[in-house]
Amino acid sequence: MKGEPKMKNIILTLTVIFAVHLSATIIHVPDDQATIQEGINIAVDGDTVLVADGMYTGMLNKELTWDGTEKHIIVKSLNGYENCIIDCQNNGRAFYFYETYQDSTDIIEGFTISNGFIYNGNLGGGAICCYYASPTIKNNKILNNFADECSGGGILLIRSDSKILGNLIIGNSADYEGMPGGASGGGIKTMYGSPLIMDNIIMNNEVTCSDMESGAIGAGIWASSSSSPSEIQVKIINNLVVNNSASSSWGQTDGGGIFLYCYNGSSLVINNTIYGNSTSSGSALRCIGGRVINNIISNNYQTGLSVNGNSFPVEVKNNNVFSNGQDFENCPTGIGDTSWGFNINGTASDSCYNISEDPQFTSDSNNNYFLSQYDSGQNTQSSCVNAGYGVPNDFGLLEYSTRTDLFFDEGYVDIGFHYLGYEPQENDDETVLIQNYFLTNHPNPFNPSTEIRYRLSDVREIDTASIEIYNIKGQKVDRLPVTPSGVEGSVTWNADRFASGVYFYKLVADGKEAATKKMLLLK
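Attention in this report is confined to the structure presented alongside it. (Residues numbered from 1 in each chain as written. Predicted model: local features only at pLDDT ≥ 70, side-chain atom pairs only at ≥ 80, totals over all residues. Heavy atoms only, no water.)

1. A short note on the pattern of salt bridges
Here's step 1: Enumeration according to the criterion identifies 9 salt bridges in this entry.
Here's step 2: Its salt-bridge partner being Glu315, residue Lys317 comes within 3.0 Å of it at the nearest N-O pair.
Here's step 3: Using a relative accessible area of 14% as the deciding quantity, one classes Lys317 as buried.
Here's step 4: For the salt bridge of Asp405 with Arg403, the shortest nitrogen-to-oxygen distance reads 2.7 Å.
Here's step 5: Among the ionic contacts, a cluster of salt bridges with common partners joins Arg291, Glu315 and Lys317. (Salt bridge = Lys/Arg side-chain N within 4 Å of Asp/Glu carboxyl O. Buried < 20%, exposed > 50% of the residue type's maximum accessible area, 1.4 Å probe, protein only.)

Given below as structure tokens:
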């Protein structure tokens, strides 16, 4: 047929174009497209827009967006936020999603976003705004952005289930001068959704109001959950919330660190460290409903923890609330009364195992909020170690650590913020560090005996193992041989011949310490 060669050429051309497109899954900026938005525009479902090192400014490098009903894409930097900066130049924000319906497969990763500025009438969100859109926002530095006469100095989420993961959210501001009204969410504001806010450092953000009847609330995080009683709602897990401030000349201030308004009590505030935040009045952590578990709330200027469970249910357990202007306010009966008894470590606690002890923070060359522990070489043991509710994996913290050597948290979860951990490797002498163990005792406090439960399950064979008992002076007072196997075992220590006081028990295998715990003998 005459038309056959022409048809074959058309089919061949289309095939080549289609094949080229299938292989073009990474769009490089500025090599393939000059600006970030131009890279986004030509991307299709599943593509990655990869942005090279540099400073990005101008109209096609801010107010970035795409239609999540047409494509789900990744927009990320080549070498991380230290090398790739979106400077909004105090005019607009970096990303703006308005009814664009992104989901968790749409990812924004690895940018420094700075100098965003949004004024009243533009929703808010100085760096990123998501309205009916739920992208994953991770490993970014959100720095020095501003929402004026609106809220969400860094990030604003409305009807969004975004995952906000591993970001530095620093020095952002929300300000309000109108009457009546208020500013909220200096770092993050979320309304009517079920976002996950996890592993972030939220520091030096502020909310301010200067006119009568204006309020300043939630300097680090302001969160209001969905009204649906069946949803898990807001999850605020493992964040370091430090040195944020809320101030108002006339109106209410509250939630210098976090403000949570939870309709049905199911929102979660778990394993955060909330430290050094300030308000003109009010608290560092204000929860109207929700579950408050395993947090360190310490050294905040006004009240540490204030809850309101009259209208909405609230649960407060296994927290360390210490050295705030006032530690507890409006909490359920018995919360904060550490004369009740002792937790599993022998630390004075209330009936929900909340304690009030110096967290004993320690630092390495980069980070300041590790917990002091014998196992990592410090001379003191923080009362937060192994004092939490549950185990690390219950809260997504299986490979995280509170130790300066970054070995994984094991046993009962430590209270407070965890850094990403490190799995011990083989030494040069082919001796493998003990890395899989379990150690606890019950009852604690005890009189005169306690059962010590243990498990050793290492990658090499262990020849000998024991439980060694030390007094408060560091003197070994007893040794209990145990079975060096991979199954859980127990041994009973009878302290009839010993005086009341604090004792430490160590799990030792082939001469190496695997763990140290504290127990209290009360006669």
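More follows now that the structure is in view.
2. Observations regarding the packing of aromatic side chains
Here's step 1: What the rule picks out here adds up to 20 aromatic pairs.
Here's step 2: Clustering of aromatic rings is evident, with ring pairs tying together Tyr96, Tyr98, Tyr101, Tyr131 and Tyr132.
Here's step 3: Over the aromatic face of Trp222 sits the side chain of Lys189, whose NZ or CZ is 4.5 Å from the ring centroid.
Here's step 4: Directly above the aromatic system of Tyr389 lies the positively charged group of Lys317, at a separation of 3.5 Å from the ring centroid. (Phe/Tyr/Trp six-rings, centres within 6.5 Å; stacked < 30°, edge-to-face > 60°. Lys NZ or Arg CZ within 6 Å of the ring centre and 35° of its normal.)

3. Notes on the side chain of Asn205
Here's step 1: Tracing the chain through its elements places Asn205 in the loop between β21 (201-203) and β22 (206-209).
Here's step 2: Exposure remark for Asn205: the relative accessible area of 1% places this residue in the buried category.
Here's step 3: When near neighbours in sequence (up to four residues on either side) are disregarded, Asn205 contacts Ile169, Ile170, Gly171, Asn172, Gly186, Gly187, Ala219, Asn243, Asn244 and Ser245. (Helix = DSSP H or I, 4+ residues; strand = E, 2+ residues; numbered from the N terminus. Contact = heavy atoms within 4.5 Å.)

4. A few points about the sheet that holds strand β32 (residues 278-279)
Here's step 1: With parallel pairing, the 6 strands of this open sheet are ordered in space as β9-β13-β17-β22-β27-β32. The open sheet terminates on both sides in strands that have one partner only, identified here as β9 (117-119) and β32. (Pairing = 2+ DSSP bridges.)

5. Things to note about the side chain of Thr404
Here's step 1: Position of Thr404 among the secondary structure elements: in the loop between β44 (400-401) and β45 (419-420).
Here's step 2: Setting aside its immediate chain neighbours within four residues, Thr404 contacts Thr362, Ser363, Phe370, Ser376 and Gln378.

6. Description of the pairing of strand β2 (residues 48-51)
Here's step 1: What you see with β2 is no split at all: Thr48 and Leu50 on one side and Val49 and Val51 on the other are buried throughout.
Here's step 2: Relative to β2, strand β1 (residues 26-29) runs parallel, the two sharing 4 bridges. What sits directly across from Val29, in β2, is Val51.
Here's step 3: Viewed along the sheet, the connection from β1 through helix α2 (residues 36-42) into β2 turns out right-handed.
Here's step 4: With 4 bridges joining them, β2 and strand β4 (residues 74-77) adopt parallel strand pairing. What sits directly across from Leu50, in β4, is Lys76. (Right-handed = clockwise from strand over helix to strand, strands pointing away.)

7. Looking at the sheet that holds β2
The pairing of strands in a sheet comes from backbone hydrogen bonds and takes either a parallel or an antiparallel form.
Here's step 1: As summarised here, the arrangement of the 11 strands in space is β1-β2-β4-β7-β11-β15-β20-β25-β30-β34-β37, forming an open sheet in which the pairing is parallel. Since the sheet does not close on itself, it has two edges, and those belong to β1 and β37 (314-317), each with one partner. Neighbour-to-neighbour, the strand axes of this sheet turn through a mean angle of 10 degrees, independent of strand direction. (Axes fitted to C-alpha atoms, helices over the stretch in contact; angles between N-to-C directions.)

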